[in-house]
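Observations on the model geometry
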Amino acid sequence: MSSLFKRVLNRYIGTAKHQFSRDASLAVGRNLPAVSRMTVKQAARLWEQHFLEHDIPEARLSSQYIIAHVLGAKTLENVEQRRLAEFLTDAQTERVWELCSKRLTRMPVQYVIEEWDFRELTLKMRPPVFIPRPETEELVSLVLQDLQAQPYGGKTGTTGLQCLEVGCGSGAISLSLLHGLPQLRAVAVDRSPEAVSLTRENAMRLGLQDRLHIHQLDVTKDGSEIVETCGVAQVLVSNPPYLFTQDMEILEEEILRFEDHRALDGGGEGLSVIGAILGLAPQLLSEQGRVYLEVDPRHPPLIQEWVEQRTVGLQYVETRCDITERPRFCILQKGEKRRGQ
Amino acid sequence: MSFLSFVHPVLSMARRLLQGGICHGQFECYPRLPGGWPLIRTVGKKDFIDLPTLNEDDLEEQFVRGSGPGGQATNKTSNCVVLRHIPTGIVVKCHQTRSLELNRKRAREIMREKLDVEYKGEESEVLKKRKDAIQRKQEKRRRASENLEKKRQFKEMLSAESKPNQDTG
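Only a predicted model underlies this, so the values are computations on that prediction, with no experimental measurement involved. (Residues numbered from 1 in each chain as written. Chains lettered and ligands numbered in written order. Predicted model: local features only at pLDDT ≥ 70, side-chain atom pairs only at ≥ 80, totals over all residues. Heavy atoms only, no water.)

1. Here's the deal with the interface of chain B and chain A
Buried accessible area, meaning the area lost when the parts come together, often serves as the stated size of an interface. For clarity, the threshold we go by: It only takes one pair of heavy atoms within 4.5 Å for two residues to be counted as in contact. When two components associate, each loses some accessible surface as probed by a 1.4 Å sphere; the sum of these losses over both components is called the buried area. In what follows, salt bridge is the name for a side-chain nitrogen of Lys or Arg lying within 4 Å of a carboxyl oxygen of Asp or Glu. Polar contacts, as used here, are pairs of N or O atoms within 3.5 Å; protein pairs need one atom able to donate a hydrogen and one able to accept it. Residues neighboring in sequence count only if both atoms are side-chain atoms. Strands here are runs of E lasting at least two residues and helices are runs of H or I lasting at least four, both read from the DSSP assignment and numbered beginning at the N terminus.
Every contact between the two is made by 34 residues of chain B and, on the other side, 51 residues of chain A. Buried surface at the junction of chain B and chain A, summed over both partners, amounts to about 3600 Å²; 45% is from carbon and sulfur atoms. Contact with chain A buries surface across chain B, with Gln-72, Asn-75 and Arg-98 of chain B losing the most and accounting together for 28% of the total. In this assembly, chain B and chain A are joined by four salt bridges. Ionic pairing is found between Asp-117 of chain A and Arg-98 of chain B, a salt bridge with its closest N-O pair at 3.0 Å. For the pair chain B and chain A, the interface holds 24 residue pairs in polar contact (both at pLDDT 80 or more). Of all the secondary structure elements, the ones that give two or more residues to the side of chain B that touches chain A are strand S3 (90-94) and helix H2 (100-120) of chain B. At five residues, H2 of chain B tops the list of elements feeding residues into the side of chain B that touches chain A.

2. Here we look at the UniProt feature "domain: Release factor glutamine methyltransferase N-terminal" (unreviewed entry) in chain A
What counts here: UniProt positions are given in the numbering used here, feature names are shortened, and annotations may be inferred rather than shown by experiment.
The positions that UniProt labels "domain: Release factor glutamine methyltransferase N-terminal" (unreviewed entry) are, in the present scheme, residues 44-113 of chain A. For the annotated span residues 44-113 of chain A, helix accounts for 63% and strand for 0% of the residues, and the straight-line distance between the end C-alpha atoms is 15 Å.

3. Observations regarding the pattern of salt bridges
Cut-off, in case you're wondering: Burial here depends on accessible area, computed with a 1.4 Å probe over protein chains only, as a share of the maximum for the residue type. Under 20% is buried, over 50% is exposed, and the range in between is partly exposed.
Scanning all chains against the criterion turns up 36 salt bridges over all chains. Ionic pairing is found between Asp-117 of chain A and Lys-74 of chain A, a salt bridge with its closest N-O pair at 3.2 Å. With Asp-117 of chain A in strand S1 (residues 115-118) and Lys-74 of chain A in the loop between helix H4 (59-70) and helix H5 (81-84), this pair connects stretches of sequence that are 43 residues apart. On the basis of relative accessibility, which here comes to 4%, the residue Asp-117 of chain A falls in the buried class. As a salt-bridge pair, Arg-142 of chain B and Glu-139 of chain B come within 2.5 Å of each other at their nearest N and O atoms. Residue Arg-142 of chain B and its partner Glu-139 of chain B are located together in helix H3 (residues 125-162), separated by three residues, close to a single helical turn. Judged by relative accessible area, which is 40%, Arg-142 of chain B ranks as partly exposed. Among the residues examined, Glu-139 of chain B registers a relative accessible area of 31% and is labelled partly exposed.

Now the structure itself:
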């Protein structure tokens, strides 16, 4: 057994102290590809092949992201052709083997490399905090477009522009909004202590901690505390858990085994957290303040109907689609229904 | 009234027209203007490149959609964007970042540069800028090697002068 291979095994078993140790040692028992000196390109191909053989989804991409990360790049496209033909150092090889072994346990790539990009930001990722999805980037664009288009009822001065995020996870939405609007202040809540901690960490890394207040609060239980603590905002934004409980069973392993189920499960019809948010919204919003929600494609007509059939202090503004043309975003505004509706 | 103060309201109206409607692309930076050409030149900016504006209707975008509801139900890491300009057939592939939205933006920027080269040929600002950059680099290298040569000659001169006084070992 080569000494490099021995070092890789020892390092690997050493790191198996984390919660996925059982799976980790299974991966080791599952025959890792032999370790030897190879080029970047060869390592990428080898691990792509190995992932394919073990039914790891997105075999090529997983291999490429991990190896690019070890080289200090985001994607292999950013690595010069010349570099791709060079040999990995021993240290890099060990690192590649260590990270790819984690991917063999179906750990999502974002948790393997402990980071991911969201719009212009790079955020730290850590299980079980929910990994931001590409659709949510569009939610941020929607909010930014609206905030940039109209100076929000002329409210500048002492109160300034404020947004409130419910269910912040890694902090992606709030931090992206803060990054895009220098005059914005944000408050974010999440029921998960891990999410609060990770959002705080990401805010510090981006130098945005002074403009973001984070509280560990549950919108389905701590409604009055949220109203007391968070003040009034022009924008209320959320990517709340919106999956239907029955759909949780068919989720891929990457999600089921590694992400916080409570960040996903929205109850029988996926509306339990959404309902709590909409119920509190009128107390949390300034006049003509808006709610922006990411939802399941089945939700928009249900939400619209619910709002229009009751006096809830909100009006339904519109539904927007995501890039795959699925209805994905609901926009509502504080205010009573106009007469005659 | 200046030309610019006339044009700004036109462009912002075009932007609003583009943003309206359900199930429409979200690229607010690309107002829908006839043909491929910008309506204005920004005056006074030395480095500004007059790139063609993109009409979203001329573009075909390819990315993995997947079945099922998407969103929270999926965790796919595929965010490579392939953009095709239908009238010219030019294709741009972009996987510079791990953000889908940023890759889409960058792909469009690259497309604008390629269209500039395509439409303008030698006159393209993109090509001109590149040529300038190369020339400046070459000039820098030439000056650097001239300086090295001068230093070398000076050293030789010094050692030639000091030779008669040295005891060779």
